[in-house]
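Here is what each chain is made of, one letter per residue.
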Amino acid sequence: MKCVTIIGAGLGGLVSGAMLAKSGFKVRVLEQHIIPGGYATSFKRRVRGLSRPAEFEVSLHLMGDLGEGGALREVFEELGLMDRVPFIRAESLYRTVLPGVDIRVDSLANYQHDLESRFPEEKQGLQTLFDLFIQLRTEIIQMMKKTNMGESNDLLQDGPGVFAYNHLSLQQVLDQYLSSPELKSIVAQQWQYYGLPPSQISVVYYAYAWTEYMLHGGYYPEGRSQQISNALVQIIREHGGEVLMRQHVTQIQVEQGSVTRVMTKKAEYESDLVISNADPIQTFGKFVGYELLPRRYVKKLNSLKPSLACVQAYLLLDVDFSTVFGEKDHEIFINEYFDLERAYEEVLEEKYDTTPFSITVYENLNSSYQASGKTTISLFMLSRYEAWSELNEQDYKEKKEAVTQSLLHRLERVYPGVSEHIEYVELSTPCTNHSYTSNNNGAIYGAQQSVDQCLHRRLKQTTPIDGLYLVGAWTQPGGGYSGVIWSGYNLAKQLMLRYKEVVTT
């Protein structure tokens, strides 16, 4: 029986741990925080007038691909999550607001019809573009399945469309098929959730993430993302594994090129295999040591470009938002202009008063989300870690207050009078991202999903150290909830194939 130590209880680590534990591996997960989940967690705050603490979702807005026929649903069914976690399907995926444009997206067919009605001259281009997105998705799924079964790992053979487009940005492909700048911005609206503008983000990554929602719906766990993390912990423990909190890893011990044990501040654990869900800067810079790595690998690590971080305001309102303000959608993208390249520049320049942001109304997903009659809202905006990390305590405090007021002012512009109903507000910053996950630069998507860091160009899950593997947003296939879940699943499948453990489920 192989003994596996997993560093970090983010979804990548927990999924790989659950899969391996079910397959007969001896699994131990070490997590520095007091609760499992990484970004897939929630937190509670006492609010005056409430008999119980209010509970806020840390990061999740929706998960795609969980409808019938969805590839991620198949993963969840194999794990046993669909029987443990009730999911609510969103009636609409999102609403996007741009100057003179207000679009509600609920399905691919309706979305395409709406866009063709607004831009009739673009009908053929839209059809060809969306067909391409679906083709890329289909090829990626087939490539992962064949790799996990040990059948093939050939990008050209298994994914001719992926091979043809893997060197292109979303903007380059939009320019091939569409003419209207406004339409291009509408189609690329989800860029905010992937962290790069159309000119930089890989079209293959965007196509896959886009089709997850458009083809197989958007879902939210009834008990917040923490419910998913808790269910995975339960699966690991039910199959003889351990998930230990408050475990600060200090070293991955390597002897003659192979891992032997993991050291923490409290104990040491002998290990045949080590899976790191920590970012590569911690994994190799702190736990292993660059001196044990080939020079070429160190160069690749040093060239990794982290994604952006974010600011996020968590609000509790004393009214039923949909009744008072007439908002029926749960996710609203607010844009002051169409130019998404300008939007990215404004993120870098910290123009909080005009940078695009999103509004999530959780009670519009689940009416019993919080206390009766209350509404839970989050306001999300991308942000740079460097803009916050070097501030002294007083400047940091003042900046948090200024950004909070800016976001609330913008919310008030969309829903006049809403400020009078705010009972609680709290702002997280890029420093908060870093503090709770230790992610380099507070990156919320791990490594950027840029063209030069996508697919086979992304950091591999295998490493130069025998027995040391990577999962999570910094490695293949990519960031986001789906990406890290797939990283944990793919790695577990390949380890199960390699070591031919007997499945005990």
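Residues numbered from 1 in each chain as written. Predicted model: local features only at pLDDT ≥ 70, side-chain atom pairs only at ≥ 80, totals over all residues. Heavy atoms only, no water.

Caption draft 1: Layout of the overall build of the chain. When helices and strands are tallied, the chain shows 18 helices and 20 strands. For the chain, whose C-alpha radius of gyration is 22 Å, the value lies close to the compact-globule estimate of 23 Å for 505 residues. Overall, the chain is about 65 × 55 × 45 Å in size when its C-alpha atoms are taken along their principal axes. Classification of the 505 residues of the chain by burial places 62% in the buried group. Long-range pairs, those at least 24 residues apart, make up 72% of the contacts in the chain between residues at least 6 apart in sequence. If you sum the accessible surface of the chain, you get close to 20,200 Å²; carbon and sulfur atoms cover 48% of it. Here the chain carries 48 positive and 60 negative side-chain charges, and the mean point of each set is 6 Å from the other. (Helix = DSSP H or I, 4+ residues; strand = E, 2+ residues; numbered from the N terminus. Rg over C-alpha atoms; globule rule 2.2 N^0.38 Å. Buried < 20%, exposed > 50% of the residue type's maximum accessible area, 1.4 Å probe, protein only. Contact = heavy atoms within 4.5 Å. Areas by Shrake-Rupley, 256 points an atom, 1.4 Å probe, with all protein chains shown as cover. Lys, Arg positive; Asp, Glu negative; His and termini not counted. Charge placed at Lys NZ, Arg CZ, Asp CG, Glu CD.)

Caption draft 2: How the structure looks around the sheet that holds strand S6 (residues 87–89). The antiparallel open sheet is built from three strands, whose spatial order is S5-S9-S6. On the outer flanks of this sheet lie strand S5 (63–64) and S6, each paired with one strand and no other. In terms of strand pairing, S5 meets strand S9 (residues 218–221) through two bridges, oriented antiparallel. For Met 63, the partnering residue across the bridge sits in S9 and is Tyr 219. (Pairing = 2+ DSSP bridges.)

Caption draft 3: A look at the packing of aromatic side chains. Evaluation of the coordinates by the stated rule reveals 25 aromatic pairs. Taking 6.2 Å as the distance between ring centres and 15° as the angle between the ring planes, the aromatic pair formed by Tyr 111 and Phe 130 counts as stacked. Taken together, the positions of Tyr 111 in helix H3 (residues 108–118) and Phe 130 in helix H4 (residues 123–148) put the pair 19 residues apart, joining distant regions of the chain. We note that Tyr 111, like Phe 130, is buried. Measuring from ring centre to ring centre gives 5.7 Å for Trp 388 and Tyr 396, while their planes differ by 80°; the resulting arrangement is edge-to-face. Through successive ring pairs, a cluster of aromatic residues spans Tyr 111, Phe 130, Phe 133, Tyr 194, Tyr 205, Tyr 206 and Trp 210. One residue, Arg 137, lies across the ring of Tyr 208, its end atom 5.1 Å from the ring centre. One cation-aromatic arrangement involves Arg 224 over Tyr 369; the distance from NZ or CZ to the ring centre is 3.9 Å. (Phe/Tyr/Trp six-rings, centres within 6.5 Å; stacked < 30°, edge-to-face > 60°. Lys NZ or Arg CZ within 6 Å of the ring centre and 35° of its normal.)

Caption draft 4: Summary view of the environment of Leu 301. Along the chain, the position of Leu 301 falls in helix H12 (residues 295–303). Looking at Leu 301, the relative accessible area reads 2%, which means it is buried. Considered as a pair, Leu 301 and Trp 191 are 110 residues apart in the sequence and their alpha carbons are 25 Å apart. Ignoring any residue separated from it by four or fewer positions in sequence, one finds Leu 301 in contact with Pro 280, Ile 281, Phe 284, Tyr 290, Leu 293 and Leu 459.

Caption draft 5: Seen up close, the sheet that holds strand S1 (residues 3–7). Strand order in this open sheet of five strands is S10-S2-S1-S14-S20, and the pairing throughout is parallel. Across the chains shown, the open sheet's two edge strands, defined by having one partner strand only, are strand S10 (242–244) and strand S20 (468–470). The sheet shows a mean angle of 20° between the axes of neighbouring strands, direction not considered. Here four bridges tie S1 to strand S14 (residues 273–276), and the two strands are oriented parallel to one another. (Axes fitted to C-alpha atoms, helices over the stretch in contact; angles between N-to-C directions.)

Caption draft 6: Looking closely at the side chain of Asn 166. Residue position: Asn 166 is located in the loop between helix H6 (160–165) and helix H7 (170–177). Side-chain polar atoms of Asn 166 contact the backbone oxygen of Phe 163, separated by 2.7 Å. A polar side-chain atom of Asn 166 sits 2.6 Å from a polar atom in the side chain of Arg 457. (Polar contact = N/O pair within 3.5 Å; in protein donor to acceptor, adjacent residues only side chain to side chain.)

Caption draft 7: Here's a closer look at the environment of Val 288. Considering the arrangement of structural elements, one finds Val 288 in helix H11 (residues 280–288). Residues Val 288 and Gln 253, 35 residues apart in the sequence, show an inter-C-alpha distance of 6.9 Å. Dropping the residues within four chain positions of it, Val 288 is found in contact with Ile 252, Val 254, Thr 283, Ile 465 and Leu 468.

Caption draft 8: Region of the structure containing the confidence of the model for the chain. The predicted model of the chain has a mean per-residue pLDDT of 95, with 98% of residues at 70 or higher. This stretch, residues 501–505, has a pLDDT under 50; its non-local contacts, to residues over four places away or in other chains, come to 17 contacts. (pLDDT = per-residue confidence, 0-100.)

Caption draft 9: Layout of empty space enclosed by the protein. Evaluation of the coordinates by the stated rule reveals one cavity of 30 Å³ or more. Considered as a void within the structure, the largest cavity measures approximately 30 Å³ in volume. Surrounding the largest cavity, Ser 276, Ala 278, Pro 280, Leu 459, Leu 470, Val 471, Trp 474 and Thr 475 form its lining. (1 Å grid on protein atoms, 1.4 Å probe; cavity = no way out; pocket = protein on both sides within 12 Å on 5 of 7 lines; lining within 4 Å. Points joined across faces, edges and corners; volume = space filled by probe spheres on them.)

Caption draft 10: The arrangement of the nonpolar core in detail. Within the largest apolar cluster, 115 residues are counted, with the highest numbers of intra-cluster contacts made by Met 63, Tyr 111, Phe 130 and Val 187. Once residues lying within four places of it in the same chain are set aside, the contact partners of Met 63 are Leu 72, Phe 76, Phe 87, Tyr 213, Gly 217, Gly 218, Tyr 219, Ile 228, Tyr 481 and Ile 485. (Core = buried A, V, L, I, M, F, W, Y, C linked by side-chain atoms within 4.5 Å.)

Caption draft 11: Structural detail: the pairing of strand S12 (residues 258–264). Counted residue by residue, S12 has six buried out of seven residues, so it is predominantly covered. Bridging between strand S11 (residues 249–255) and S12 involves six bridges; their strand directions are antiparallel. Within S12, the residue paired with Ile 252 across the bridge is Val 262. Taking the residues that link successive antiparallel strands as the turn, the S11-S12 hairpin has two residues, and the phi of Gln 256 there is positive, at about 50°. Of the pairings in the sheet, the one linking S12 to strand S13 (residues 268–270) comprises three bridges and is antiparallel in character. Bridge assignment links Val 262 to a residue of S13, and that residue is Tyr 269. Connecting S12 to the next strand, S13, in antiparallel fashion are three residues.

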